[in-house]
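One-letter residues, chain by chain:
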Amino acid sequence: MSYAPEGQQYQPPYRPEGQNPQQPYGDRYGEQQYGQQPPYGQEPYAAYGQEPEHEPRRTSKVRRWVIAGVSVLALAGIAAGVMYHYEIPPFTDKGSAVSFGTPPAGGDGKKNPAPQQPANSKMLMPTGPQAEFKNSMTLPDGTHVAVTTLDGKKSGFKGKVWVWAPKEYNDPKFAKSGFPVMIALPGGAGYPSNYWMGTDLGLQTSIAKWYGEGKSKPFILAMPVLNPGPDDKGIYWDGSDIPDQPKMGTWLTEDVPDLVKANFRTVKSRDGWAFMGSSTGGFAGLKAVLKHPDKFKAVIASGPDIVPDSSLWKGHDKEKAENNPEVLAKQLIDRKGPDVYLAFQVGDSENNKKTLPDVQKFIATFGNKGPVHTELRIIKGGQHNAKTYVPNMGEGPIQYISKVMEGPVE
């Protein structure tokens, strides 16, 4: 399993050696370099030989008002910071409605008719109905990570999906363009949230940066929950339709793509659709591409499992084999296509010492044979950690899949 990023330790402010920790940094407020301030409310004497000022009371009142004003402003600033931290409007835009622009086919039922779908276009206009997205966080470039609750029509599962579109999506230059989509899956429980939605891992800002550097497509990100519940007692669902269990395979490969198509301008063909994931999410993405190569073209699988191993498969060997990447890769080779592109990255210090050998064995057996194209990046010193995987995506895997995918397209 993959782990969310470790929390940062609190670091006390630096103070010169020997200084009282209760004393503010530097000279005490109001002290001169030599000598002490006079009692509060009195003015300091002028230079030697000069008469003191004759209006100490007025000056004292002014000082008190200044101190009071500064205190009020400081308290207001602290209160605003607290309200922002706890996401209390109007100090945060979290929870506000988010629209990603283009109305769905037929318009939005208001004053915004949808543009006509160009004939023979590679782009697919939003199909509708529009989902109700709420802002989860706003990035420095003004883009939003938004969340909605999706009632999966095909899987019957209801869960949260976070989405993000790069700033180019609303650039007039691309107003008639469809964008590629990457479905990003977490490791671990992947419930009740998907850790890729948090900006601390830098997935969104990295996609934007890599696109600016010519390394990546400007992917729309869809970040659904991976499992229908926590992985209590080691129970998880392998991103699959396990008999008598929630249909998480259908949720990931049918319902989530349908949500994106309903609300965004996308690429019609599989050339605009990919997965990425770490650990169990890497397995789920790898399996989804091999199982549905007619819908998805590529995956970045970081520190993935290679075979299904959920305890829920017990008594369902046939269905388990149907969701085994090794079996699926062989079947795809035997069918001679379509082509898929599998970019693996694994740290050489993963906590599961079998991860790297298992990936290497899969590549040796099925990689670059017929339609199964593979690439492996071994991360020196890399651990089984999402914080390891994101920066290394930019060192090879993101270029590998971007070269074979399309978008933006008209």
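Structure: above.
Residues numbered from 1 in each chain as written. Predicted model: local features only at pLDDT ≥ 70, side-chain atom pairs only at ≥ 80, totals over all residues. Heavy atoms only, no water.

## Quick look at the overall build of the protein
Within the protein, the regular secondary structure consists of nine helices and 12 strands. Evaluated residue by residue, the protein yields a buried proportion of 46% over its 410 residues. In the protein, the proportion of contacts linking residues at least 24 apart, taken out of those at least 6 apart, comes to 71%. Accessible area of the protein: about 22,000 Å², with a carbon and sulfur share of 53%. (Helix = DSSP H or I, 4+ residues; strand = E, 2+ residues; numbered from the N terminus. Buried < 20%, exposed > 50% of the residue type's maximum accessible area, 1.4 Å probe, protein only. Contact = heavy atoms within 4.5 Å. Areas by Shrake-Rupley, 256 points an atom, 1.4 Å probe, with all protein chains shown as cover.)

## Considerations on the environment of Lys387
Inspection of the secondary structure puts Lys387 in helix 8 (residues 386–393). Each C-alpha atom, one on Lys387 and one on Gly202, is 8.7 Å from the other, the two residues being 185 residues apart in sequence.

## Overview of unusual backbone geometry
Along the chain, Gly128 connects to Pro129 via a cis peptide bond; the corresponding omega equals -5°. Tracing the sequence through the fold places Pro129 in the loop between strand 2 (123–124) and strand 3 (133–138). At Asp244, a position not held by glycine, the phi torsion is positive, near 65°. Here Asp244 falls in the exposed class, since its relative accessible area comes to 75%.

## Some remarks on the pairing of strand 11 (residues 340–347)
Taken across its eight residues, strand 11 has eight buried, putting it largely inside the fold. Burial along strand 11 is two-sided: Val340, Leu342, Phe344 and Val346 facing one way and Tyr341, Ala343, Gln345 and Gly347 facing the other are all buried. Of the strand pairs in this sheet, strand 10 (residues 298–302) and strand 11 are connected by five bridges, and their pairing is parallel. For Ala298, the partnering residue across the bridge sits in strand 11 and is Tyr341. One ladder, built from eight bridges, connects strand 11 with strand 12 (residues 372–379); its direction is parallel. Each bridged residue has a counterpart across the sheet, and for Val340 the counterpart in strand 12 is Val372. (Pairing = 2+ DSSP bridges.)

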